[in-house]
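# Coordinate analysis (summary)
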Amino acid sequence: MKILFRMVSVIILGILLLGFSERHFLKRYLSYTGDPLTVPLSWYDPIEKVTGLKDDDLQIASGDILTIKKTALDKASAFAKAESALSLMVIHRGIIQHEEYWENEDRSVRFNPQSMSKTVLAMLTGIAISEGHIGSVDDEIGKYISEWKEDHRGKITIRQALQMSAGLEQMANSLDVSIFNRAVRHHFGTKFDEMALELKQVDPPGTKYEYNNEVTNILGIVLERATRMRYAEYLSSRIWKPLGLDDASMYLDREGGSVMKSCCILSRPYDWAKLGLLFLNEGRYKGKKIVPSEWMKEMIIPSPNSDYYGYQIWLGSSYIPLKPMSLIYDKDDNPPLYLADDMITFAGFGGQRVWISPKNELIVVYATKKWSNAWDEAKVPNIILQSLQS
């Protein structure tokens, strides 16, 4: 019955799309695997390049000068391998202690970090404020988005959006890959920005935390309007090149159109280790300022409506409520505590992670293209932290 329904839906969709020339939607819909984690990177087409200036300059520890016990590194590696990881990196005091790739891959492999990309957008927001493109984190969005200037949604502040308390409706009502699902029409379609700007206000701004991908997309529109630069261009010039990262790419809705700003900076796990270092060094890398230090501190202040969330980044040691990702958590949906109460986490769908503990000078990068067999949110970082604390 489901197969028949899908066939009929495709036929109806084909007729509609032929009339409206939505070839990108049709191509994406028909080639989609039904899983945002395992879909190949080639599915993201067209793409826009994020030009980097690759400099893989992180020092690598030799076996006789490791600052983390090899037994702990081997244990973390064994768990990652068992859980179908693509890559695992451990950096301590700025030096690579462990770097490993599976599936016959090496450092050059690209993956989809999913919503870890949101944290990068928050960094760019701080840079835009420091450069004077944005007046203040408390500016109302309507100042930059003309379509909302006279609209009540224009009263949402940039701070409220960064803290996921904008009060906008969700694009998605379910995970069904159906042409009748608005989120599918958005993610597969050719109107990324237009559809985000159509969302309605359902709660007063600043009163309720609710994780919402489209709020990040709207922040990305603010950045483009304020800087008068394309998002990928601003990302390249302010972070990717200065930090010495390799070329990356972003998913476009159509040729010359808009990138998806809430996710999907297709890039290397190695580059996310260097992004994580910005949180250990107050926005600097090898003495060079990338992001203002005060902004980096502000990003990790708990939000009024969610003490586990800052500006597009997860905080604390006990809880990352990434619904509907309960699949990858233990049966009680209550991940065990991290062994560091200062944990900062870049988190992406399916288990993409950068764990950062400033007081332990630790960064752990975990990348995957497959679902875990028995995910334990704190297992990998806790193995390393236990070694450091013993």
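First things first, this report covers the structure right here in the doc. (Residues numbered from 1 in each chain as written. Predicted model: local features only at pLDDT ≥ 70, side-chain atom pairs only at ≥ 80, totals over all residues. Heavy atoms only, no water.)

## Quick notes on the state of the cysteines
Tallied over the entire structure, the rule returns 1 disulfide. Through a disulfide, Cys263 is tied to Cys264; the S-S separation comes to 2.1 Å. As the torsion about the S-S bond is roughly -75°, the Cys263-Cys264 disulfide counts as left-handed. As far as burial versus exposure is concerned, Cys263 and Cys264 are alike and both buried. (Disulfide = S-S within 2.5 Å. Buried < 20%, exposed > 50% of the residue type's maximum accessible area, 1.4 Å probe, protein only.)

## Notes on the pairing of strand 5 (residues 248-251)
Side-chain alternation along strand 5 places Ala248 and Met250 on one buried face and Ser249 and Tyr251 on a second face that is also buried. As paired elements, strand 1 (residues 47-50) and strand 5 share 4 bridges and run antiparallel to each other. In the sheet register, Lys49 faces strand 5, and the bridge partner there is Ser249. Here strand 5 pairs with strand 6 (residues 265-266) via 2 bridges, running antiparallel. Opposite Met250, over in strand 6, you have Ile265 as the bridge partner. (Helix = DSSP H or I, 4+ residues; strand = E, 2+ residues; numbered from the N terminus. Pairing = 2+ DSSP bridges.)

## Focus on helix 4 (residues 117-130)
If you check helix 4, its first and last C-alpha atoms are 21 Å apart, about what 14 residues at 1.5 Å a residue would give, namely 20 Å. All buried positions along helix 4 are accounted for by Ser117, Lys118, Thr119, Val120, Leu121, Ala122, Met123, Leu124, Thr125, Gly126, Ile127 and Ala128. (Expected span 1.5 Å × (residues − 1).)

## Things to note about the side chain of Arg28
Along the chain, the position of Arg28 falls in helix 2 (residues 23-31). One buried charge, Arg28, has no salt-bridge partner; the nearest side chain with opposite charge is Asp253, at 6.5 Å. Contact partners of Arg28, with chain neighbours within four places excluded, come to Trp43, Asp45, Pro46, Phe188, Gly189, Tyr251, Leu252, Asp253 and Arg254. (Lys, Arg positive; Asp, Glu negative; His and termini not counted. Salt bridge = Lys/Arg side-chain N within 4 Å of Asp/Glu carboxyl O. Contact = heavy atoms within 4.5 Å.)

## Description of the sheet that holds strand 9 (residues 314-315)
If you trace the 7 strands from one edge of the open sheet to the other, you get 2-4-3-12-11-10-9, paired in mixed fashion. Edge strands, defined here as strands with exactly one partner in the open sheet, are strand 2 (59-60) and strand 9. Pairing analysis gives 2 bridges linking strand 9 to strand 10 (residues 344-348), with the strands arranged antiparallel. Each bridged residue has a counterpart across the sheet, and for Trp314 the counterpart in strand 10 is Thr345. Packed on one face of the sheet, helix 12 (residues 379-389) meets strand 3 (85-92), strand 11 (352-357) and strand 12 (362-368) and runs near 155° to strand 12. (Axes fitted to C-alpha atoms, helices over the stretch in contact; angles between N-to-C directions.)

## Some details on the nonpolar core
Of all hydrophobic cores here, the largest spans 81 residues; its most connected members are Leu235, Ile239, Trp272, Leu275 and Phe346. With residues up to four places along the chain from it excluded, the contact list for Leu235 reads Val50, Val120, Leu124, Trp240, Met250 and Ile265. Counting residues in each nonpolar core, the second largest holds 23 residues, with Ala76, Phe79, Leu88 and Trp375 among its members. (Core = buried A, V, L, I, M, F, W, Y, C linked by side-chain atoms within 4.5 Å.)

## Section: the sheet that holds strand 6
The strands that make up a sheet pair up through hydrogen bonds in the backbone, lying either parallel or antiparallel. Strand order in the open sheet made by the 3 strands is 1-5-6, with antiparallel pairing throughout. Each having just a single partner strand, strand 1 and strand 6 make up the two edges of the open sheet.

## Let's talk about the pairing of strand 4 (residues 95-101)
As defined by bridge partners, strand 2 adjoins strand 4 across 2 bridges and the pair is classed as parallel. Residue pairing across strands places Ile60 opposite Ile96, the latter belonging to strand 4. Sheet topology places strand 3 next to strand 4; 6 bridges connect them, and they run antiparallel. Residue pairing across strands places Val90 opposite His98, the latter belonging to strand 4.

## A look at the packing of helix 4 against helix 10 (residues 269-280)
Close contact between helix 4 and helix 10 brings their axes to 12 Å; oriented N to C, the two are set at 50°. Comparing the axis directions of helix 4 and helix 10 gives the class oblique. In this structure, helix 4 crosses over helix 10, and the sense of that crossing is left-handed. In this structure, helix 4 uses Ser117, Thr119, Val120 and Met123 to contact helix 10, whose residues at the interface are Trp272, Leu275, Leu278 and Phe279. Along the lines of polarity and charge, the residues of the contact of helix 4 with helix 10 split into 6 nonpolar, 2 polar and no charged. (Parallel < 35°, antiparallel > 145°, perpendicular 65-115°, else oblique. Left-handed = near helix turned anticlockwise from the far one by under 90°. Nonpolar A, V, L, I, M, F, W, Y, C, P; charged D, E, K, R; others polar.)

## Describing the packing of aromatic side chains
Under the defined criterion, the tally for this structure stands at 21 aromatic pairs. Ring centres of Tyr44 and Tyr251 lie 5.1 Å apart, and the angle between their planes is 80°; this geometry places the pair in the edge-to-face category. Of the two residues, Tyr44 is situated in the loop between helix 2 and strand 1 and Tyr251 in strand 5; the sequence distance between them amounts to 207 residues. Judged on exposure class, the residue Tyr44 and its partner Tyr251 are both buried. Between Trp355 and Tyr366, the aromatic rings sit 6.3 Å apart at their centres with planes inclined by 65°, giving edge-to-face as the arrangement. Here Tyr366 lies in strand 12 and Trp355 lies in strand 11, a separation of 11 residues in the sequence. (Phe/Tyr/Trp six-rings, centres within 6.5 Å; stacked < 30°, edge-to-face > 60°.)

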